[in-house]
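Okay, here's what each chain looks like letter by letter:
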Amino acid sequence: MQGRLSTWLVKHGLVHSSLGFDYQGIETLQIKPEDWHSIAVILYVYGYNYLRSQCAYDVAPGGLLASVYHLTRIAYGIDQPEEVCIKVFAPRRNPRIPSVFWVWKSADFQERESYDMLGIFYDNHPRLKRILMPESWIGWPLRKDYIAPNFYEIQDAH
């Protein structure tokens, strides 16, 4: 079943897959990494002017990684803003997704966290570096195939 945004994207020849609706009735779409940046710009111009959140997760051990964007269309005089969830899947071996920092500035720290925890590279992000883990950390802690090191650094309490 297609929602309003999916129908609009089809009408304008924009490639995507409809993943249905979540439990709150929010439409969920899948966009290919190579199409994501241009579709993000189109969605911004269409009125999705607020990136509510961006997160990422490991779909399955050895499988795909997903970057998830929750967008909101905020306008004056509308009681219930329109929302959409976009999922962009990337292969584990070379997980590269275009950054939407230049579309929604709020993607900055959120994409950095997804990089830090899952190793998804956001192309054209101006400051893509670790944000939670030390720069010297090896591996991506939230990947399902991550093996935790058998040591922990003990830091001084003062």
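Residues numbered from 1 in each chain as written. Predicted model: local features only at pLDDT ≥ 70, side-chain atom pairs only at ≥ 80, totals over all residues. Heavy atoms only, no water.

Colleague: Residue-level account of the packing of aromatic side chains, with values.
Modeller: Evaluated as defined, the whole model comprises nine aromatic pairs. Ring geometry for F101 and W102: centres 4.7 Å apart, planes at 85°, overall edge-to-face. According to the relative accessible area criterion, F101 is buried, its value standing at 6%. Joined through ring pairs, the aromatic side chains of W36, Y44, Y69 and W104 make up one cluster. Note that K105 overlies the ring of F101, its terminal NZ or CZ placed 5.0 Å from the centroid. In this structure, R112 packs its charged tip against the face of F109, placed 5.4 Å from the ring centre. (Phe/Tyr/Trp six-rings, centres within 6.5 Å; stacked < 30°, edge-to-face > 60°. Buried < 20%, exposed > 50% of the residue type's maximum accessible area, 1.4 Å probe, protein only. Lys NZ or Arg CZ within 6 Å of the ring centre and 35° of its normal.)

Colleague: For the side chain of E27, give the residues involved together with the corresponding values.
Modeller: Mapped onto the elements, E27 comes out in strand β2 (residues 27-30). In this structure, E27 is buried with no salt-bridge partner, the nearest side chain bearing the opposite charge being R4 at 7.2 Å. Non-local contacts of E27, meaning those with residues more than four positions away in its chain, are made with Q2, G3, R4, L5, S6, G20, F21, E83, V84 and C85. (Helix = DSSP H or I, 4+ residues; strand = E, 2+ residues; numbered from the N terminus. Lys, Arg positive; Asp, Glu negative; His and termini not counted. Salt bridge = Lys/Arg side-chain N within 4 Å of Asp/Glu carboxyl O. Contact = heavy atoms within 4.5 Å.)

Colleague: Account for the UniProt feature "domain: NADH:ubiquinone oxidoreductase 30kDa subunit" (unreviewed entry) in the chain, with residues named and values stated.
Modeller: Under the UniProt annotation, the feature "domain: NADH:ubiquinone oxidoreductase 30kDa subunit" (unreviewed entry) is placed at residues 30-148. The distance separating the terminal C-alpha atoms of residues 30-148 is 31 Å; by composition the span is 22% helix and 29% strand. (UniProt positions renumbered as here; feature names shortened; annotations may be inferred.)

Colleague: Account for the pattern of salt bridges, with residues named and values stated.
Modeller: According to the stated counting rule, one finds eight salt bridges in the structure shown. The residue D58 makes a salt bridge to R92 at a minimum N-O spacing of 2.6 Å. You can see D58 sitting in strand β3 (residues 50-58) and its partner R92 sitting in the loop between β5 (82-90) and β6 (96-98), a full 34 residues away along the chain. Taken as a pair, D58 and R92 share a single burial class, namely buried. With a shortest N-O distance of 3.5 Å, E82 and R73 are connected by a salt bridge.

Colleague: Got a sec to walk through the sheet that holds β2? Specific residues and values, please.
Modeller: Spatial strand order, β1-β2-β5-β4-β3: five strands in an open sheet with mixed pairing. Edge positions in the open sheet fall to β1 (17-21) and β3, since each of these has one partner strand only. Neighbour-to-neighbour, the strand axes of this sheet turn through a mean angle of 20°, independent of strand direction. Pairing geometry for strand β4 (residues 65-73) and β5, over nine bridges, is antiparallel. Looking across to β5, one finds that Y69 is bridged to I86. (Pairing = 2+ DSSP bridges. Axes fitted to C-alpha atoms, helices over the stretch in contact; angles between N-to-C directions.)

Colleague: Break down the state of the cysteines for me, with residues and values.
Modeller: Taken as a whole and assessed by the stated rule, the structure comprises zero disulfides. No disulfide involves C55; its sulfur sits 7.5 Å from that of C85, the nearest cysteine. Classification of C55 as partly exposed rests on a relative accessible area of 34%. (Disulfide = S-S within 2.5 Å.)

Colleague: Break down the environment of N124 for me, citing the residues and quoting the values.
Modeller: Looking at the element boundaries, N124 is found in the segment after β7 (121-123). Setting aside residues no more than four positions away along its own chain, N124 makes contact with S99 and W102.

Colleague: Go over the pairing of β5 with me, naming the residues and quoting the values.
Modeller: Of the strand pairs in this sheet, β2 and β5 are connected by four bridges, and their pairing is parallel. Within the sheet, the bridge partner assigned to T28 lies in β5 and is C85.

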